[in-house]
Every structure is written in structure tokens, then in C-alpha cells.
Amino acid sequence: MSSSSGPLTEELQCSICLDVFTDPVSTPCGHNFCKTCLNKCWDNSQTCNCPYCKETFKHRPDLKINTTLREVVDHYKKKSPEKKAEVLCDVCEERKLKALKSCLVCQSSYCETHLEPHLRMAGLKKHKLMNPVSNLEDYICQKHERPLELFCRDDQTCVCPICTVTDHKNHNTVFIEEEIEEKKTQLMKTQKDTQQMIQDRLKKIQDVKHSAEVRKRNTEKEKAARVELFTDLIRSIERCQTELLEVMEEQQKAAEKQEEELIEELEQEITELKMRNTELEQLSHTEDHLHLLQIYSSLCSSRNTRNWSEISVKTDESLETLRRALTKLQDSLQEKLTLTVSTGLKRIQQYAVDVTLDPDTAHPKLILSDDGKQVRDGDIIQELPDKPERFDKCVCVLGKEGFSSGRFYFEVQVKEKTEWDLGVVRESIDRKGKITRTPSNECWAVVLRNGNEYWAGAGPDVSLCVRVKPQRVGVFVDYEEGLVSFYDVESSSHLYSFTDQSFTGKLYPYFSPCLNDGGKNSTPLIITPVKHNK
């Protein structure tokens, strides 16, 4: 029974065992008991009723631990730990004093006064004394009623001297003190190992935090660099746009001025021609024949006027100027984009990893080089163990190492091939059956078909505009950003990117040299060392 007292203690006491609750449960009538106490009570009774209010239940309730009450009890126990009961002297008659020692032979506990004979008399000096305990019977062999002074290592139990010549004969037995010392030594070693494990894990936490800080700083630097690159690109676009508009404005003003001058000259000639026409009209009716003859030659002579049939207004001149400006802008933008991609690719290449092909995943038709860097279709199915990780329909193979965080990059030579697949797949991709190359099917890949048809398996497929046939393809993954990008390494051009993806588990590099096609596609895919672009 708990030695604690007070109103709160009574509220937290089981009315069956009169102790603080252990795993408290509630009955349908609302009263609380220890789960074990209530089950024992009902196991020994023909009916199920509440031990407190005697309400009978038709069916035995399914007892659920009252978690709220248990939390209150646990909190109370931490705040008010039970005091260890004192062991009292078994000889004292009136006022029992606190025991100083317990005797295993006498099976009694003694205070300082009544212990004196055991310290003085020769016969009692041989008795086994120990610190006082209330459960002396646990230290006595129930079979032979002798102190449990020995420990059987074969059966891992305490025994008395008689047990060693009967039930535990020929067993490895030692004195309890010896076993205790050995156990303490083992415990100290375990404690030391545990402390080392704690230190190792604390250090690991520091390492992880440090790596996170470094990665955060690097990410911020790279973000800043990318922002600077694209800011420069935007400024270039704006500058080219401004220049284009200025050229168009100048051309427009020049054209307008030319048009105004032509119109002014035309209007002046029209005025002169009208005056001449009026004069001719008048002369055609004149009676002054002498005057007519005198000025006839001058009227019929050629006037100093422009041959307007040779003059044309070039309405397409502004359009041609616009085209030249657009071409200039496109060239400038292409140069900037190439510079941006090259710079970005250079940064990405710092995340290069050493990828080696995993033969346990390779389709039986694939032949891998000894160094695990090349793969081609051998056009013959080899007899290989049907392992769970091996692909059996798609002629593909994965890299040995998977990645579940951070960034990684690798390059593959695809020279002289007419078909291939490259990318990454999730570890849980189905290896036994046809692969659908889409993110929803755990695959992020770019492929070549029929020698010149490039597309990304985005579900639906996205056709790629490729100016020059790639000879070497770079694959970059940023796990946390959900990004998979593909690059033509030789021209430093971007091919395609899967963005805003959600990755779980490990991602593995994915390669498919595709079918041999009668030797037309026999060239292998080759994982090449990354040569950083300058």
C-alpha cells in the first residue's frame, strides 16, 4: 500500500489494491481500477459487476486504459515517489527498531543491539549476513531451505550448496559475489559502450548540422549566382529591346521625312504643271498669233522635272530593318543563353559522381564491360540468376549506388547510337514487366528513337528540338528541389528539365542502350569521366 497520504492520493488509489493506480481502466459506471486488479476480480467471479458500486454488466466490458488518468498518475508518482519501506528488527518486542542486518541462516533481521551475538559468538559468526531486506524468503532455497549463496551459470539462477550436488551437479557454479563482480564489470563495459554510442551520435548530430549549414551556404551562393546570371540576361534582353525600338524609331522618322519631302516636291510640281496647263489653255484660244509663235518653243520644251516612274516608296524597308534587328537580338540572346547554360553546366559538373553499372539489375541480353562503365545489347539472352532486382522485359540497367538526398551529376557518351534511354528511376520501380517512361511510373528519362527523334517521357511525351546530334549527355539531379535536367555537354546546351518533382526513397541512374537492331545500334553507352567545361 502506498505510504503517500492526502486527498489527491485517495483519488488516485485503486479501491481493490488500495494502492496508486497501475494502468487505470474505467468501467461503464464511471469508476476506476487497476486493469490487473479488475481482471482478477472478474476472473474469480461468476458475474461482472463494479467492485465499488456493485452495478452488474450483462457482458464483460472491453477494458481500455484511461490514458488521461494514467498521465496524471505518472505525474503524481514522479512528484511523490514512494519511500522504500524500512526493515524492522524481528526480535524487538515493544518498540521495534530499524534493522541493521538480515541473517540468511536465521532468516531474521536484527537491530544493532540484537545483532551483537552474531558478531561475538563463534557459531553465529559463520552465518551469512546481508543488508536488511523484507523479503528474506527470496534469498532462501525453497527446496532445501538453505541460503542461496551460489550462482549456476549454466541455468542462470541462484542455488544453495545442496543444489550443486543434486539438481545442478556438474554445472558451472560460482559464489554469488564472484558473479556479481563479473556482472558489474560487464555492466560497466556496457555503460562505457553506451556512453561512447551517445558521444558518437552527438557528434553525428553536429556533423549533420554542419553539413546542413554548409549546404545552405552553398545553396544561397548558387542561388545568388543564378540570380546574377539571369539578371544579366534580362538586362541584355532589355538593352537589345531598347536598341531595337530606337532603330525602328529612327527608321520611322527617316521614312516619314522622306515621304514629306517627296510629297512637298510632288505638290510643287503639280502646282507648276497646273499653271502651265492654264497657260496652254489660254494660248490655245489666243488671237495673238505672233505671241504664240514666239513662246511655243519654250512651252513645248522639256521641263526640269523628276521622272517619278523611277521613284518608289520602299514600304518593306522598315520591315527589313526590323528583321535585321530581330536577327541581331536573336544572335545576342543565343549568345547570352549559351553563356548562361555553359556557366550553369560548369557549376553543375562540380556535383559529378562516379557511377558504375550494377550487373544484378541488367537485363539478360545486356553485356557489361569489366569495369562496369559500358553497356550494349548482345542480341542473345544469357542464362543469369532471376534476381528480384533484375529487369526482365526492358533492356536496361541501373547504377550500383542510389541517392536519397543532395545533388549528383554524371555524363554518358551516346556517340554513333540510333536509340538510347538515359535518366534516373526510383528504387521501387517495377523490374518485372514493361517500363512506361513517365514520372508517374517512377522514371525520369530522355530518349532517342529512329536516329533523330528526341523526346522526354513527361507523360505525355514532349518532343525536343535538338539542333546538333548530342555526342555526350549530362544528367543532373537536385533531390530536394525535385529537379532532373539533361544537357548536351559538347555544345553546353540544355535539352530538357523535369521540375517540381516529389522524390521519395533512393534514385538510381538509369541506362538503356536499346536493341542491337541488326548491328545498326550496336555501339555501347559509355559512362565517361566528367571533364569540366572551361
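All values reported here derive from a predicted model rather than from experimental measurement.

(A) Region of the structure containing the sheet that holds strand β8 (residues 150-152). The 3 strands are arranged β9-β8-β10 in an open sheet whose pairing can be described as antiparallel. Both edges of this open sheet fall to β9 (157-159) and β10 (173-175), since each of them pairs with a single strand only. Each neighbouring strand pair of the sheet contributes to a mean axis angle of 35°, computed without reference to strand direction. As paired elements, β8 and β10 share 3 bridges and run antiparallel to each other. The residue of β10 that forms the bridge with Cys 152 is Thr 173. Together, β8, β9 and β10 form the strand contacts of helix α6 (residues 176-283), whose direction differs from that of β10 by roughly 90°.

(B) Structural view of the sheet that holds strand β6 (residues 108-110). Here 3 strands make up an open sheet; going across it, the order is β6-β5-β7 and the pairing antiparallel. If you trace the sheet from one side to the other, it starts and ends with β6 and β7 (129-130), each paired once. As defined by bridge partners, strand β5 (residues 101-103) adjoins β7 across 2 bridges and the pair is classed as antiparallel. Of the residues in β7, the one forming a bridge with Ser 102 is Met 130. Most of the contacts of helix α4 (residues 112-120) go to β6, to which it runs at about 110°, and overall it touches β5, β6 and β7.

(C) Region of the structure containing a negative patch on the surface. Taken together, the side chains of Glu 243, Glu 246, Glu 249, Glu 250, Glu 256, Glu 259, Glu 260, Glu 261, Glu 264 and Glu 267 define an acidic patch exposed on the protein surface. Along the chain, Glu 243 falls in helix α6.

(D) Representation of the nonpolar core within the structure. Trp 420, Leu 422, Val 484, Phe 511 and Leu 525 are the most contacted members of the largest nonpolar core, which has 35 residues in total. If you look at the next biggest cluster of nonpolar residues, it comprises 17 residues, including Val 20, Cys 48, Cys 50 and Val 73.

(E) Representation of a nonpolar patch on the surface in the model. Taken together, Ile 198, Leu 202 and Ile 205 make up a surface patch of nonpolar side chains, about 250 Å² in accessible area. Residue placement: Ile 198 occurs in helix α6. For Ile 198, a relative accessible area of 44% corresponds to the partly exposed category.

(F) The confidence of the model for the chain, seen in detail. Confidence in the prediction for the chain averages 84 pLDDT; 85% of positions are at 70 or higher. Low pLDDT, under 50, characterises residues 1-7; the predicted model gives this stretch 10 contacts beyond four residues in sequence or across chains.

(G) The arrangement of the pairing of strand β15 (residues 420-426) in detail. Judged by how many residues are buried, β15 sits mostly within the fold: 7 of 7 residues are covered. Across the two faces of β15 the burial is the same, with Trp 420, Leu 422, Val 424 and Arg 426 and Asp 421, Gly 423 and Val 425 all buried. Across 6 bridges, β15 lies against strand β16 (residues 443-449) in antiparallel orientation. Bridge pairing in β16 places Trp 420 opposite Leu 448. With 6 bridges connecting them, β15 and strand β22 (residues 507-512) associate as antiparallel partners. Looking at the pairing, Val 425 lines up with Tyr 508 of β22.

(H) Expanded view of the state of the cysteines. Tallied over the full model, the rule gives 0 disulfides. The structure places no disulfide on Cys 141, whose sulfur is separated from the nearest cysteine sulfur, that of Cys 163, by 3.7 Å. The exposure class of Cys 141 is buried, given its relative accessible area of 7%.

(I) Layout of the pairing of β16. Burial of β16 is extensive: 7 of the 7 residues sit out of reach of the surface. What you see with β16 is no split at all: Cys 443, Ala 445, Val 447 and Arg 449 on one side and Trp 444, Val 446 and Leu 448 on the other are buried throughout. Where β16 and strand β17 (residues 453-456) come together, 4 bridges link them in antiparallel fashion. By the bridge assignment for β17, Arg 449 is matched with Glu 453.

(J) Region of the structure containing helix α3 (residues 67-79). The end-to-end C-alpha distance of α3 is 18 Å, a good match for the 18 Å that 13 residues give at a rise of 1.5 Å each. Every buried residue of α3 is listed here: Leu 69, Val 73 and Tyr 76. Buried residues in α3, looked at end-on, bunch into an arc of 60°, giving them a common side. In α3, those exposed residues whose orientation departs by more than 90 degrees from the buried face are Thr 68, Glu 71, Lys 78 and Lys 79.

(K) Highlighting the pattern of salt bridges. Counting across every chain of the model gives 21 salt bridges. Across the salt bridge formed by Arg 472 and Glu 411, the nearest N and O atoms sit 2.5 Å from each other. Taken together, the residues span a long stretch of sequence, with Arg 472 in strand β19 (residues 472-478) and Glu 411 in strand β14 (residues 407-413) at a distance of 61 residues. There is no split in this pair, since Arg 472 and Glu 411 are both buried. The network of salt bridges with shared partners includes Arg 153, Glu 179, Glu 182 and Lys 183.

About the cut-offs
Residues numbered from 1 in each chain as written. Predicted model: local features only at pLDDT ≥ 70, side-chain atom pairs only at ≥ 80, totals over all residues. Heavy atoms only, no water. Pairing = 2+ DSSP bridges. Helix = DSSP H or I, 4+ residues; strand = E, 2+ residues; numbered from the N terminus. Axes fitted to C-alpha atoms, helices over the stretch in contact; angles between N-to-C directions. Contact = heavy atoms within 4.5 Å. Patch = residues over 30% accessible without salt bridge, like charges linked within 9 Å, V, L, I, M, F, W, Y side chains within 5 Å. Areas by Shrake-Rupley, 256 points an atom, 1.4 Å probe, with all protein chains shown as cover. Salt bridge = Lys/Arg side-chain N within 4 Å of Asp/Glu carboxyl O. Lys, Arg positive; Asp, Glu negative; His and termini not counted. Charge placed at Lys NZ, Arg CZ, Asp CG, Glu CD. Core = buried A, V, L, I, M, F, W, Y, C linked by side-chain atoms within 4.5 Å. Buried < 20%, exposed > 50% of the residue type's maximum accessible area, 1.4 Å probe, protein only. pLDDT = per-residue confidence, 0-100. Disulfide = S-S within 2.5 Å. Expected span 1.5 Å × (residues − 1). Arc of directions from axis to C-beta.

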